Amino acid sequence: GVLDGYNTMATLAGLAFGIIGVDVMKKLGIEKDDDVAKSTVKAGLFSCLFMAFIYILVALAGAASRGYAAESDNGGAVLYSIANHYFPSFGPILLAAIVFFACLKTIIGLVTSCATTFSEMFPKFLSYNKWVVLFSSITFAIANVGLTSIIQISLPVLMMLYPLAITLTLLTLGSRIFSHHQEIGIPVMTSVFISSIFDLIRALPASWISAIHAERMIQFLEAYLPFYKIGFGWICPAALGLLIGFSILLVQKV
């Protein structure tokens, strides 16, 4: 369930949406960093609970669909089967409308935050409006490849990016405990980055793995790296990086 959750890209989108959230709060008059953080936590808890409720219902609907629909390659096909089963005449149209409006707010947020970030990073290259057009055009082209193909291509990348995003989130939440020490953040993130590359390789299509002759490496890691076989090979390296970071701090204090 956690690994399939990577496909929602919720954590990655959350990191990007943070830019918009902070800007909106400051425009509403919330200026202090502590107040912004408190407001973000409140909004995050509300949205997480609400989304958890929705996902539980979706999971139950998906499980029940096995009684009347064939197994599908992706969640989109499952939702189509569910909609068509309960609303034979207009189910697909209803589903299309729901998905359209659900994805519209997400793509607006992502395009806005990405265009804002890139226009600030490269102010002389393209204007904000041109970045918006560029990102919208690229995503429109990718969207027409098909959900199954998108998942197959994006999954290896997500297997590399998500451990970094999760670790960064945890380090940020515990930043006060660590007193914002780079001596802890750098070894942890470095360890996770290196190990997540191996998670990327393992998630590649079988033909790609064969082409780069990575079978033996994967077998070795599955045998000796804890949790690698189930897609969480980055956990132990993260713990090792944390241990290294604390060791560096202890040595510096001596």
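Scope of this entry: the structure provided in the associated data block. Predicted, not measured: the structure shown is a model, and the values here were computed from it.

**Side note on the overall build of the protein**
Now for step 1: If you tally the helices and strands in the protein, you get twelve helices and zero strands.
Now for step 2: Tracing the protein from N to C terminus, the helices and strands come up as α-α-α-α-α-α-α-α-α-α-α-α.
Now for step 3: Across its three principal directions, the C-alpha atoms of the protein cover 75 × 55 × 40 Å.
Now for step 4: Contacts in the protein between residues far apart in sequence, at least 24 positions, make up 57% of those at least 6 positions apart.
Now for step 5: Counting only carbon and sulfur atoms, one obtains 72% of the accessible surface of the protein, whose full area is about 17,100 Å².

**Quick word on the side chain of Ser 196**
Now for step 1: Tracing the backbone through its elements, the reader meets Ser 196 in helix α9 (residues 182–203).
Now for step 2: Among the polar contacts made by the side chain of Ser 196, one reaches the main-chain carbonyl oxygen of Phe 193 at a distance of 2.8 Å.

**Description of the nonpolar core**
Now for step 1: Within the largest apolar cluster, 14 residues are counted, with the highest numbers of intra-cluster contacts made by Tyr 6, Ile 184, Val 188, Val 192 and Trp 234.
Now for step 2: Within the residue set of this core, elements represented by two or more residues are α7 (147–173), α9 and α12 (235–253).
Now for step 3: A total of five residues in this core trace back to one element, the largest contributor, which is α7.
Now for step 4: By size, the runner-up hydrophobic cluster in this structure holds ten residues, among which are Met 160, Ile 201, Leu 204 and Tyr 228.

**Looking at the state of the cysteines**
Now for step 1: Scanning the model with the defined rule gives zero disulfides in all.
Now for step 2: This cysteine, Cys 114, is not joined by any disulfide, and Cys 103 carries the nearest cysteine sulfur, 16 Å off.
Now for step 3: Cys 114 sits in the partly exposed class, given a relative accessible area of 27%.

**A few points about helix α2 (residues 10–27)**
Now for step 1: If you check α2, its first and last C-alpha atoms are 25 Å apart, about what 18 residues at 1.5 Å a residue would give, namely 26 Å.
Now for step 2: Residues of α2 that are buried: Ala 13, Ala 16 and Met 25.
Now for step 3: Residues of α2 that are buried sit in contact with α3 (33–64) and α5 (91–121).
Now for step 4: Directly after α2, the chain includes Gly 29, whose backbone phi takes a positive value near 105°.

**Quick look at a nonpolar patch on the surface**
Now for step 1: The grouping of Phe 46, Phe 50, Met 51, Phe 53, Ile 54, Tyr 55, Ile 56, Leu 57, Val 58, Leu 60 and Leu 79 at the surface amounts to a nonpolar patch, some 1,100 Å² of accessible area in total.
Now for step 2: The element contributing the most residues to the nonpolar patch is α3, with ten residues.
Now for step 3: Considering the arrangement of structural elements, one finds Tyr 55 in helix α3.

**Here we look at unusual backbone geometry**
Residues other than glycine predominantly adopt negative phi, and peptide bonds predominantly adopt the trans conformation.
Now for step 1: Non-glycine residue His 213 carries a positive phi angle of around 55°.
Now for step 2: Looking at the secondary structure, you find His 213 in the loop between α10 (206–211) and α11 (215–224).
Now for step 3: Exposure remark for His 213: the relative accessible area of 66% places this residue in the exposed category.

**Section: the packing of α2 against α7**
The axes of two packed helices give the description: the angle between them and the distance between them.
Now for step 1: The geometry of α2 relative to α7 is characterised by a closest axis approach of 9 Å and an angle of 55° between their N-to-C directions. Here α2 lies oblique to α7, going by the angle between them. The handedness of the crossing between α2 and α7 is left-handed. Facing α2, whose interface residues are Ala 10, Thr 11, Leu 12 and Leu 15, α7 presents Leu 158, Leu 161, Tyr 162, Ala 165 and Thr 169.
Now for step 2: A per-class count over the contact of α2 with α7 returns seven nonpolar, two polar and no charged.

Here is what the cut-offs are and how they apply
Residues numbered from 1 in each chain as written. Predicted model: local features only at pLDDT ≥ 70, side-chain atom pairs only at ≥ 80, totals over all residues. Heavy atoms only, no water. Helix = DSSP H or I, 4+ residues; strand = E, 2+ residues; numbered from the N terminus. Contact = heavy atoms within 4.5 Å. Areas by Shrake-Rupley, 256 points an atom, 1.4 Å probe, with all protein chains shown as cover. Polar contact = N/O pair within 3.5 Å; in protein donor to acceptor, adjacent residues only side chain to side chain. Core = buried A, V, L, I, M, F, W, Y, C linked by side-chain atoms within 4.5 Å. Buried < 20%, exposed > 50% of the residue type's maximum accessible area, 1.4 Å probe, protein only. Disulfide = S-S within 2.5 Å. Expected span 1.5 Å × (residues − 1). Patch = residues over 30% accessible without salt bridge, like charges linked within 9 Å, V, L, I, M, F, W, Y side chains within 5 Å. Salt bridge = Lys/Arg side-chain N within 4 Å of Asp/Glu carboxyl O. Axes fitted to C-alpha atoms, helices over the stretch in contact; angles between N-to-C directions. Parallel < 35°, antiparallel > 145°, perpendicular 65-115°, else oblique. Left-handed = near helix turned anticlockwise from the far one by under 90°. Nonpolar A, V, L, I, M, F, W, Y, C, P; charged D, E, K, R; others polar.

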